[in-house]
Amino acid sequence: MSALPGALSVFLPLLVRLLRGPGKFMLAVNGALTALLVALAAAAVRDGHAAVWVPLVLGIVLAAAIVFFGVRLARLSKHVDDLEKLQTESTDVEIIAKDGRPVVDDEARQRFQDASYEASLRTSRFMPRVEAAQRAAVAAAGGTVAAPYLKDDLRWTIVSGLVTAAAGPVAFFLLIVTAIIS
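Residues numbered from 1 in each chain as written. Predicted model: local features only at pLDDT ≥ 70, side-chain atom pairs only at ≥ 80, totals over all residues. Heavy atoms only, no water.

1. Concerning the overall build of the protein
What counts here: Helix numbering and strand numbering both begin at the N terminus, where a helix is a DSSP run of H or I of at least 4 residues and a strand a DSSP run of E of at least 2. Burial status follows relative accessibility: with a 1.4 Å probe on protein chains alone, a residue under 20% of its type maximum counts as buried, one over 50% as exposed, and anything between as partly exposed. Contacts are assigned to residue pairs with any non-hydrogen atoms lying within 4.5 Å of each other. Using the Shrake-Rupley algorithm and a 1.4 Å probe, accessible areas are obtained, with residue cover drawn only from the displayed protein chains.
Counting its regular elements, the protein contains five helices and zero strands. Here the protein holds 182 residues, and the buried ones make up 32% of them. In the protein, the share of contacts with a sequence separation of at least 24, taken over all contacts with a separation of at least 6, comes to 71%. For the protein, the accessible area works out to roughly 10,800 Å², and carbon and sulfur atoms hold 69% of it.

Right, here's the structure in full:
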């Protein structure tokens, strides 16, 4: 990320556009499997099967991750759509400084320096490279006003996306376990 700090601000909207359809499909299928797991496990718990509490709790955790990812995906999609509308409506205006250089070049150079600095910082937090990449992309874009899709912490979006992707197979396995136990 240090070679081109603004790459995330270009890559993320493209990724959101490409994954919009498959993401919705994954949410629907894995959400349906997880909902079925929660319903079956809750019915088994009501019938007095104490061992089904584990699949029920795991199903609720998976469902929460799926809902969280669905909300984040919807917000990312909305921000990318709003950005596309803004880019088609805006007109390019070039401001020239007294020495004849465009002011945009100075601003772009400063943004690149800020982004390079942010990309070089590594904290001891969870997923430090993703956090540094996001801070660098925000600095390269000139703030979250220019890149609203970078407002949300991408680390949690990535984690919830991975849990959502794994939720289908895990829910299917837990459905089988629940059916066997009850």
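Now, onward.
2. Description of the pattern of salt bridges
For clarity, the cut-off: Salt bridges are defined by distance alone: a side-chain nitrogen of Lys or Arg within 4 Å of a carboxyl oxygen of Asp or Glu.
In total, this model carries one salt bridge according to the counting rule given. With its nearest N and O atoms 2.6 Å apart, the salt bridge here joins Arg 155 to Asp 153. For Arg 155, a relative accessible area of 10% gives the class buried.

3. Section: helix H5 (residues 154-181)
The following threshold applies: Take the number of residues in a helix, subtract one, and multiply by 1.5 Å to get its expected span. Two axes enter the bend calculation: one fitted to the seven residues ending at the residue in question, the other to the seven starting there, and the bend is the angle between them.
Spanning 28 residues, H5 covers 38 Å between terminal C-alpha atoms, matching the ideal 40 Å at 1.5 Å per step. Where H5 bends most, at Ala 167, the angle is about 40°, and the proline Pro 169 comes one to four residues later. Of the positions making up H5, those classed as buried are Leu 154, Arg 155, Thr 157, Ser 160, Gly 161, Thr 164, Ala 167, Gly 168, Ala 171, Leu 174, Leu 175 and Thr 178.

4. Comments concerning the side chain of Arg 72
Applicable threshold: Here a polar contact is taken to be a pair of N or O atoms separated by no more than 3.5 Å, where protein atoms must pair a possible hydrogen donor with a possible acceptor and residues adjacent in sequence count only if both atoms sit in side chains.
Looking at the secondary structure, you find Arg 72 in helix H2 (residues 53-89). At a separation of 2.9 Å, a polar atom in the side chain of Arg 72 contacts the main-chain carbonyl oxygen of Asp 153. Contacts of Arg 72, omitting those with residues within four sequence positions, involve Asp 152, Asp 153, Trp 156 and Thr 157.

5. Quick notes on the nonpolar core
Applied cut-off: Residues enter a nonpolar core if they are buried and are Ala, Val, Leu, Ile, Met, Phe, Trp, Tyr or Cys, with the set joined through side-chain atoms within 4.5 Å.
By size, the foremost hydrophobic cluster in this structure holds seven residues: Val 16, Leu 76, Val 80, Ala 137, Tyr 149, Leu 150 and Leu 154. In this structure, Val 16 is in contact with Leu 76, Ser 77 and Val 80, ignoring residues within four places of it in sequence. Counting residues in hydrophobic clusters, the runner-up holds six residues, among them Leu 27, Leu 62, Ile 66 and Leu 73.

6. A short note on the confidence of the model for the protein
Heads up, the condition is: Note: pLDDT gives the predictor's confidence per residue, expressed from 0 to 100.
Taken residue by residue, the protein gives an average pLDDT of 76. The fraction at 70 or more is 67%. Averaged pLDDT values over the elements of the protein bottom out at 57 in helix H3 (residues 103-120) and peak at 91 in H5.

7. Here's the deal with the environment of Asp 153
Residue placement: Asp 153 occurs in the loop between helix H4 (128-141) and H5. Along the primary structure Asp 153 and Arg 72 are separated by 81 residues, whereas in three dimensions their C-alpha atoms are 9.7 Å apart.

8. Let's talk about the side chain of Ser 160
Within the element layout of this structure, Ser 160 appears in helix H5. Ser 160 gets classed as buried once you look at its relative accessible area, which sits at 5%. With residues near it in sequence (within four places) discarded, Ser 160 still touches Ala 65, Phe 68 and Phe 69.

9. As for the environment of Lys 24
With respect to the secondary-structure elements, Lys 24 resides in helix H1 (residues 7-46). Once the C-alpha coordinates of Lys 24 and Ala 74 are considered, the two residues, 50 residues apart in sequence, prove to be 9.3 Å apart.

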